[in-house]
Amino acid sequence: MMKIICGVDVSKASLDVCIEPGASRGSFGNNGAGIAALAAFCRQHRAELVVMEATGGYERRAFLLLWEEGLPCAVTNARNVRQYAESMGVLEKTDQIDASIIARFARARDLRPTPVPSQAQQRIKALVARLRQATDDLTVQKQRRASLLDQPEMLASIDEVIALLKRQSRTLEGEIGSMIDDDPLWAQLAETWRSVKGVAGRTIARLMADLPEIGTYSNKAIAKLVGVAPIAHDSGKRKGKRPVRGGRSSVRSILFLVAATAARYDKSLGDFRDRLRAAGKEKMVIRIALARKLLVRLNAKARDARAQYANAT
């Protein structure tokens, strides 16, 4: 029997839904009352899975509240859904059409529910996201300051903002550090990762927040998840370039920085980098290869740490 799936097109204000098979449609507010009504609608139509696209956070409340209502939910990549629609000849795009396409895509891919993150995981992710925003804002303010050296009044205003951002950053770093220290598994993972030269507090926080799967996936799967695994692009006798695509950009960006630092102190990473240079590889290819090698190393250490923690408990 065909699984009944509810596709949800999420926007800031509304949730447009379509249940397949049957094409039963509805529209609900993206708020507590609207999500409760959506849950009732899904139960009325015996939906076995609710699927929505990742939309920059607007889907988060519906995802969590629907799980609380006992409805399994999955979050999927919006680009994959759009490509599926185009491959099926559906070029039109409205909220109702998108909801139907999401449900059909979920069936074609046989999507499974996305696990609900723990309260601690949600909090550390929010803290790390805010720390990243504060750091980016601090960089912008420093750049503005550098262009206003002859305007004391403006410098004083910018210095106030810089001081505020620095205080917020220190506070956020302290809260993140306390969360990691208070969780036995996270503390063990952090201690293990710090054995790699160049891996410090912010890298550990980024991994905890944005890559909770580390240590539970194979090396190949974790590299693909982050977006540092080369994608085959061959046809017949032609061997095309193997690009990387997708993945988690926040993790990838920090790995690029840390891998370059680690290669200065770690002989195996340094030798690997030098071999790639000698082979005439492009700079970006070397950066990606170093990041992937570092990620595989961190994944292996996380796997061992998780095993030790499980045995101890």
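Reference entry: report on the structure contained in this document. Note that the structure is a prediction, hence the values are computed from the model and not measured. (Residues numbered from 1 in each chain as written. Predicted model: local features only at pLDDT ≥ 70, side-chain atom pairs only at ≥ 80, totals over all residues. Heavy atoms only, no water.)

### Section: the packing of helix H8 (residues 201–210) against helix H10 (residues 249–265)
Thinking step 1. At their nearest, the axes of H8 and H10 sit 10 Å apart, and the two run at 155° to each other. As far as their axial angle goes, H10 and H8 are roughly antiparallel. Judged by the sense of rotation from one axis to the other, the crossing of H8 with H10 is left-handed. Along the contact surface, H8 presents Thr203, Arg206, Leu207 and Asp210, while H10 presents Ser250, Val251, Ser253, Ile254 and Val258. (Axes fitted to C-alpha atoms, helices over the stretch in contact; angles between N-to-C directions. Helix = DSSP H or I, 4+ residues; strand = E, 2+ residues; numbered from the N terminus. Parallel < 35°, antiparallel > 145°, perpendicular 65-115°, else oblique. Left-handed = near helix turned anticlockwise from the far one by under 90°. Contact = heavy atoms within 4.5 Å.)

### Here we look at the packing of aromatic side chains
Thinking step 1. Throughout the structure, instances matching the rule amount to two aromatic pairs.
Thinking step 2. Seen from their ring centres, Tyr84 and Phe105 are 5.6 Å apart, and the 65° between their planes marks the pair as edge-to-face. Taken together, the positions of Tyr84 in helix H3 (residues 78–87) and Phe105 in helix H4 (residues 95–109) put the pair 21 residues apart, joining distant regions of the chain. Both residues of the pair, Tyr84 and Phe105, belong to the buried class.
Thinking step 3. For the cation-ring pair, Lys293 lies above Phe272, with the distance from its terminal atom to the ring centre recorded as 4.6 Å. (Phe/Tyr/Trp six-rings, centres within 6.5 Å; stacked < 30°, edge-to-face > 60°. Buried < 20%, exposed > 50% of the residue type's maximum accessible area, 1.4 Å probe, protein only. Lys NZ or Arg CZ within 6 Å of the ring centre and 35° of its normal.)

### A few points about the pattern of salt bridges
Thinking step 1. All chains considered together, the criterion is met by 15 salt bridges.
Thinking step 2. Linking Arg82 and Asp98 is a salt bridge whose minimum nitrogen-to-oxygen distance equals 3.6 Å. Placement of Arg82 in helix H3 and of Asp98 in helix H4 is noted, with a sequence separation of 16 residues between them.
Thinking step 3. Asp98 sits in the buried class, given a relative accessible area of 6%.
Thinking step 4. The closest approach of N and O atoms between Arg248 and Glu213, which form a salt bridge, is 2.8 Å. Of this pair, Arg248 sits in the loop between strand S7 (238–239) and H10 while Glu213 sits in the loop between H8 and helix H9 (219–226), placing them 35 residues apart in sequence.
Thinking step 5. The exposure class assigned to Glu213 is buried, which follows from its relative accessible area of 18%.
Thinking step 6. One network of salt bridges, with partners in common, ties together Arg82, Glu86, Lys93 and Asp98. (Salt bridge = Lys/Arg side-chain N within 4 Å of Asp/Glu carboxyl O.)

### Concerning the sheet that holds strand S3 (residues 24–29)
Sheet strands associate in pairs through backbone hydrogen bonding, adopting either a parallel or an antiparallel arrangement.
Thinking step 1. An order of S3-S2-S1-S4-S5 is seen for the five strands of this open sheet, with the pairing classed as mixed. A single partner strand is all that each edge strand has here, and the edge strands are S3 and strand S5 (73–76). Taking each pair of neighbouring strands and ignoring which way they run, the sheet shows an average axis angle of 25°.
Thinking step 2. Across six bridges, the pairing between strand S1 (residues 5–10) and strand S2 (residues 14–20) is antiparallel. (Pairing = 2+ DSSP bridges.)

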